[in-house]
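Spelled out from the first residue to the last, the chains are:
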Amino acid sequence: MARAEPIILSGAERAALDRIAGHSLGRQAMALRAGIVLLAAEGLSNRAISGRLQLEEHCVGRWRRRFARERIWGLFDRPRPGAPARKKAGGAALPAVIDTNP
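Residues numbered from 1 in each chain as written. Predicted model: local features only at pLDDT ≥ 70, side-chain atom pairs only at ≥ 80, totals over all residues. Heavy atoms only, no water.

Asker: Looking at this structure, I do not really get the overall build of the protein. What am I missing?
Answerer: Within the protein one finds four helices and two strands. For the protein, the N- to C-terminal ordering of α and β elements is α-α-α-α-β-β. Among the 102 residues that make up the protein, the fraction classed as buried is 29%. Summed over its atoms, the accessible surface of the protein is roughly 7,500 Å², and 56% of this surface lies on carbon and sulfur atoms. (Helix = DSSP H or I, 4+ residues; strand = E, 2+ residues; numbered from the N terminus. Buried < 20%, exposed > 50% of the residue type's maximum accessible area, 1.4 Å probe, protein only. Areas by Shrake-Rupley, 256 points an atom, 1.4 Å probe, with all protein chains shown as cover.)

What follows is the structure in structure tokens.
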């Protein structure tokens, strides 16, 4: 198995990741990704992080690699292919096949 890249954080990066990881409103995925990177910066292996956070090891490795290459910007979702999401009405996305004009 390949050796995980060491993560070394600047003070500003650590502060930003601490804020993101502690923020529970709305962006749980970002908080989890920030937590992965913070644990990696403490020197934990992907296996140790995956055990602690109850994630698949390949998932931990993906976010560790993306952070190593792209720093904090690597933790954001990338654009997905296809049409953009439809506007929500009443909390649920409107499927494209529903005719909203009666």
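That covers the picture; the talk isn't over yet.
Asker: Got a minute to help me understand the side chain of arginine 64 in this structure?
Answerer: With respect to the helices and strands, the residue arginine 64 is situated in helix α4 (residues 57–70). There is no salt bridge for the buried arginine 64, and the closest opposite charge comes from glutamate 5, which lies 7.5 Å off by N-O distance. Setting aside anything within four residues of it in sequence, one finds arginine 64 in contact with Ala4, Glu5, Pro6, Ile7, Ala40, Leu44, Ser45, Asn46 and Ile49. (Lys, Arg positive; Asp, Glu negative; His and termini not counted. Salt bridge = Lys/Arg side-chain N within 4 Å of Asp/Glu carboxyl O. Contact = heavy atoms within 4.5 Å.)

Asker: Just checking my understanding: could you explain the nonpolar core for this structure?
Answerer: In globular proteins that are soluble, nonpolar side chains generally tend to be buried together. Ile7, Leu9, Leu17, Val37, Ile49, Phe67 and Leu75 are the most contacted members of the largest nonpolar core, which totals 20 residues. Ranked by residues supplied to this core, first place goes to helix α2 (residues 28–41) with eight residues. In this view, leucine 75 contacts Leu17, Met30, Arg33, Ala34, Val37, Trp63 and Phe67; residues no more than four positions away in its chain are not counted. (Core = buried A, V, L, I, M, F, W, Y, C linked by side-chain atoms within 4.5 Å.)

Asker: For this particular structure, what's the right way to read the packing of helix α1 (residues 11–22) against α2?
Answerer: Relative to each other, α1 and α2 sit at 135°, their axes nearing to 8 Å. On the basis of their axis angle, the class for α1 and α2 is oblique. The way α1 lies across α2 gives a crossing that is left-handed. The segment α1 lies against α2, with Arg14, Leu17, Asp18, Ile20 and Ala21 engaging Met30, Ala31, Ala34, Gly35, Val37, Leu38 and Ala41. Class assignment of the residues belonging to the contact of α1 with α2 gives a composition of nine nonpolar, one polar and two charged. (Axes fitted to C-alpha atoms, helices over the stretch in contact; angles between N-to-C directions. Parallel < 35°, antiparallel > 145°, perpendicular 65-115°, else oblique. Left-handed = near helix turned anticlockwise from the far one by under 90°. Nonpolar A, V, L, I, M, F, W, Y, C, P; charged D, E, K, R; others polar.)

Asker: Please clarify how the environment of leucine 32 should be interpreted in this entry.
Answerer: The topology assignment puts leucine 32 in helix α2. With relative accessibility at 36%, the residue leucine 32 sits in the partly exposed group. Between the alpha carbons of leucine 32 and isoleucine 20 there is a distance of 8.7 Å; along the sequence they are twelve residues apart. Ignoring sequence-local partners within four residues, the contact set of leucine 32 consists of Leu53 and Leu55.

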